[in-house]
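# Per-entry structural report
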Amino acid sequence: EKEIKMMQKLYESLPETTFNKKQNVRKKAWLQNYNKELDVIYFKKLKDVLGDYKMDTLKSGTGEDYYGLFHESFSPLPLHVDSGFDEKTIIYKQVITPLSPFGDTIFFTKRWYGKSTTFTIDKDELKFKPKPGQNERSCEHLGEGNFDKEIHNKYLNHIDINSLKGLKVEMIYNWKIGDTLIVDRTHIHCASSRINQKKLGLTTFTKK
């Protein structure tokens, strides 16, 4: 409980990195040395579980690794994968720590081995040309068979059901403060539509 409160307090004190108005999400990078005690606690806990790893994707202007990215979401994030932007990197795990009690993350059985990508069937979105550090767009996740209507109505009504064609849910992770979920970075996933005004979480990306 003490460590979660430290994380929440850290989030409040950090400068805003971006406010993506399209996705309606505020992002803050975990800068080193804002709370040195928490830096040590978090890094050690990850090492105990993951073994040898390196931070990936995020660095400060002086080249230091960020310890993660805080997301304060006011709308559910779309279907995507956090597989990184360097095809030569051996990606490892992503670590999701809820800092608010309500919400879900939906993981699908299908994996993605290309760069970080947002999945859509919107023709205009598919024309998007990403800048460095931005997700690519693709509809190559689609498969055969209709998506489960009951799951769509309960958890995913912010996504066109036709954009979920051929996908099957592997796990619905219900957010709980005090938990930390660790998954492979190749998992296609998205937030559920269940948001109580907003939700706050920390995601850390690792590589070998």
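Above this text you will find the structure in question.
We now turn to the structure provided with this report. Fair warning: this is a prediction, and the values are worked out from it, not measured in the lab.

## Thoughts on the overall build of the protein
Each helix and strand counted, the protein has four helices and 13 strands in total. For 208 residues, the compact-globule formula gives about 17 Å, and the C-alpha radius of gyration of the protein, at 17 Å, lands near that figure. In terms of overall dimensions, the protein has a C-alpha envelope of 50 × 35 × 35 Å along the principal axes. Expressed as a percentage of the 208 residues in the protein, the buried residues total 43%. Here the contacts in the protein between residues at least 6 apart in sequence split such that 76% fall between residues at least 24 apart.

## Details of the pairing of strand β4 (residues 69–73)
When you tally the buried positions in β4, you get five out of five residues, the bulk of the element. By the alternation rule, side chains of β4 split into L69, H71 and S73 and F70 and E72, which are all buried. Pairing of strand β2 (residues 25–29) with β4, which is carried by five bridges, proceeds in the antiparallel orientation. Looking across to β4, one finds that V25 is bridged to S73. As judged from the five bridges shared by β4 and strand β13 (residues 199–207), these two strands associate in the antiparallel manner. What sits directly across from S73, in β13, is K199.

## Thoughts on the nonpolar core
The tendency in soluble globular proteins is for nonpolar side chains to be buried as a group. Among the nonpolar cores identified, the biggest contains 26 residues, and M7, W30, Y42, L46, F70, L99 and L202 are the most heavily contacted of them. Those elements giving two or more residues to this core turn out to be α1 (2–13), α2 (36–50), β4, β6 (91–98) and β13. With five residues, the top contributor of residues to this core is α1. Non-local contacts of L99, meaning those with residues more than four positions away in its chain, are made with I4, M7, Q8, F70, W175, I177, L200, G201 and L202.

The rules behind the values
- Residues numbered from 1 in each chain as written.
- Predicted model: local features only at pLDDT ≥ 70, side-chain atom pairs only at ≥ 80, totals over all residues.
- Heavy atoms only, no water.
- Helix = DSSP H or I, 4+ residues; strand = E, 2+ residues; numbered from the N terminus.
- Rg over C-alpha atoms; globule rule 2.2 N^0.38 Å.
- Buried < 20%, exposed > 50% of the residue type's maximum accessible area, 1.4 Å probe, protein only.
- Contact = heavy atoms within 4.5 Å.
- Pairing = 2+ DSSP bridges.
- Core = buried A, V, L, I, M, F, W, Y, C linked by side-chain atoms within 4.5 Å.

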